[in-house]
Amino acid sequence: MKPVIAVLLVLVALPLAGQTITVDPPQPVAGAPFTLRLQGLAQCLPAGPIHVLVAGDTVVVTTGAETCGGSFPNSYDRTFTLPPLPAGTYRVLARRFLPFYPLANLRNLLSPLGETMVTVTGAAAPFTVSPSWGETKVTLRGNFGPVTPDTTVTFGGVAAGPLTLGEDVLIVEGVPELPASAGAVDVVVRRGGQTLTCHSCYSYVAVEKRLLPSYVEGVIPGAHGSRWRTIFEMFHSGNVQPIAGVDTRFSPRGDHAYYTIRSEMLPGIAWSLRVRDESRAATTYGTEVPIVRVADFPDGVQLYPVPIGGDFRQTLRLFHERNEATIAFWDGKELIHSMTTALRSVDLGSMPELAGHDRIRITVNGGVFNPLWAYVSVTHNETQHVTLVTPQR
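Below, the structure is looked at part by part. Owing to the predicted nature of the structure, the values given are computational and were not obtained by experimental measurement.

Strand order in the open sheet made by the four strands is E29-E26-E31-E32, with antiparallel pairing throughout. Single-partner strands in this sheet number two, and they are strand E29 (345–347) and strand E32 (386–389). Strand-to-strand twist in this sheet, taken as the mean axis angle between neighbours without regard to direction, amounts to 20°. When strand E31 (residues 372–380) meets E32, the two strands line up antiparallel, connected through four bridges. Along E32, the bridge assignment pairs Ser-377 with Leu-388.

As structure tokens, then:
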């Protein structure tokens, strides 16, 4: 979990309006102090000390009475110096404290008046790690020189692999599993007697990864004059909003996407994923697409009933990390056809084996080490209405 700098403004005041937080320099350097400026509007009374909390430790930065004008609203402007911090990205929160109003304080502690992000840079690392949290596959880029087969990589002292080697590039296919309590760990590359260390370059945090089974940017033309748009919406009712790149990661994969979010941000989230034919926007709100928790992917799924032929086009979509999955097509208990394929999309209407069958059942198996998810989209050729056949449990 990234450190949090909480600025407690000990004031007897009305809520600030237009609260801003600025940092000078904009990107501080590790080991050097920097200034933090808070500006806004408030009705102020004499105040006690301002405290800055860094990773749970309280440091008194400055004390003294607040200076405000005689009429409301009054401008609030204070600049003070933060102590040196280690390299990393910090969320800076401004809060206020009302000594005689405990219920208001509870609300104020949960709901910051303003926030910003501060990135403290350190000495240049010999390589970079991307993504730097929450993924099992990462890419290391740096001045490795020729990477040899005896190259090893460790995360927090634990071996990682397998590795895909390249010139100054290492792709780690399997980041070792460590508990979230491990926090930020060193990533070490060893090759030919040389050791390169990127300090605190990968963070273990509790995350949830969700599959968005259908996702494209913009409007995509389709059959029969259709124009398809994906609408992904998320609302967070919590008091601390997720920050893109810090608390969340969005990973488009062509026609679908993955959304990774820190687990602590999950309470209060409501989200929706729809596909909609813009050419018929006046007559349809679109079709809701399930957002699937990747940790819930089973070893196999069953899809039923799937209509074949008629005025519909049917596409089987598969989502898994390995190369192949086994697909079987059934009419009742009769096996019509089976195949093992690396395809992620199968046009069922183009399969001659399925001709003459009205409704079928499909089973997809990825195996013990290849959990997956799948669905069939059934689209009417004339109306372009989309129905989804999703896994039965």
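Across the sheet, which stays open at both edges, the four strands sit in the order E25-E30-E27-E28 with antiparallel pairing between neighbours. Of all the strands in the sheet, the pair left with one neighbour each is strand E25 (300–307) and strand E28 (334–341). Between one strand axis and the next, the sheet turns by 20° as a mean value, whatever way the strands run. As paired strands, strand E27 (residues 325–331) and strand E30 (residues 359–365) are joined by five bridges and run antiparallel to one another. Note on E30: the bridge partner recorded for Trp-330 is Arg-361.

A few words on the environment of Ser-272. Along the chain, Ser-272 falls in strand E22 (residues 269–277). Given the relative accessible area of 17%, Ser-272 is considered buried. Ignoring any residue separated from it by four or fewer positions in sequence, one finds Ser-272 in contact with Ile-231, Phe-232, Glu-233, Glu-288 and Ile-291. Side-chain polar atoms of Ser-272 contact the side chain of Glu-288, separated by 3.0 Å.

Turning next to the nonpolar core. Counting 22 residues, the largest nonpolar core has Val-306, Leu-316, Phe-329, Leu-348, Ile-362 and Val-376 as its most contacted members. Among the elements of the structure, E25, strand E26 (312–320), E27, E30 and E31 are those that each provide at least two residues to this core. Not counting residues up to four positions away in its chain, the partners in contact with Val-306 are Leu-348, Asp-358, Arg-359, Ile-360, Ile-362, Val-376 and Val-389. Grouped together as the second largest cluster of nonpolar side chains are 20 residues, Val-147, Leu-170, Val-189 and Cys-201 included.

We now examine unusual backbone geometry. With an omega dihedral of 5°, the bond running from Gly-161 to Pro-162 counts as a cis peptide bond. Here Pro-162 shows up in the loop between strand E12 (158–159) and strand E13 (163–166). Of the consecutive residues Tyr-304 and Pro-305, the connecting peptide bond is found in the cis state with omega at -10°. Tracing the chain through its elements places Pro-305 in strand E25. Positive phi, normally seen in glycine, also occurs at Ser-200, with a value near 50°. Note that Ser-200 resides in strand E16 (residues 194–204). Its relative accessible area of 45% is what places Ser-200 among the partly exposed residues. Within the chain, His-224 stands out as a residue other than glycine whose phi angle is a positive 55°.

Throughout the structure, instances matching the rule amount to eleven salt bridges. The shortest N-O distance in the salt bridge between Arg-293 and Glu-208 comes to 2.7 Å. Placement of Arg-293 in strand E24 (residues 292–293) and of Glu-208 in strand E17 (residues 207–212) is noted, with a sequence separation of 85 residues between them. The class for Glu-208 is buried, based on a relative accessible area of 13%. Residues participating in the shared-partner salt-bridge network are Glu-208, Arg-210, Arg-293 and Asp-296.

Analysis parameters
- Residues numbered from 1 in each chain as written.
- Predicted model: local features only at pLDDT ≥ 70, side-chain atom pairs only at ≥ 80, totals over all residues.
- Heavy atoms only, no water.
- Pairing = 2+ DSSP bridges.
- Helix = DSSP H or I, 4+ residues; strand = E, 2+ residues; numbered from the N terminus.
- Axes fitted to C-alpha atoms, helices over the stretch in contact; angles between N-to-C directions.
- Buried < 20%, exposed > 50% of the residue type's maximum accessible area, 1.4 Å probe, protein only.
- Contact = heavy atoms within 4.5 Å.
- Polar contact = N/O pair within 3.5 Å; in protein donor to acceptor, adjacent residues only side chain to side chain.
- Core = buried A, V, L, I, M, F, W, Y, C linked by side-chain atoms within 4.5 Å.
- Salt bridge = Lys/Arg side-chain N within 4 Å of Asp/Glu carboxyl O.

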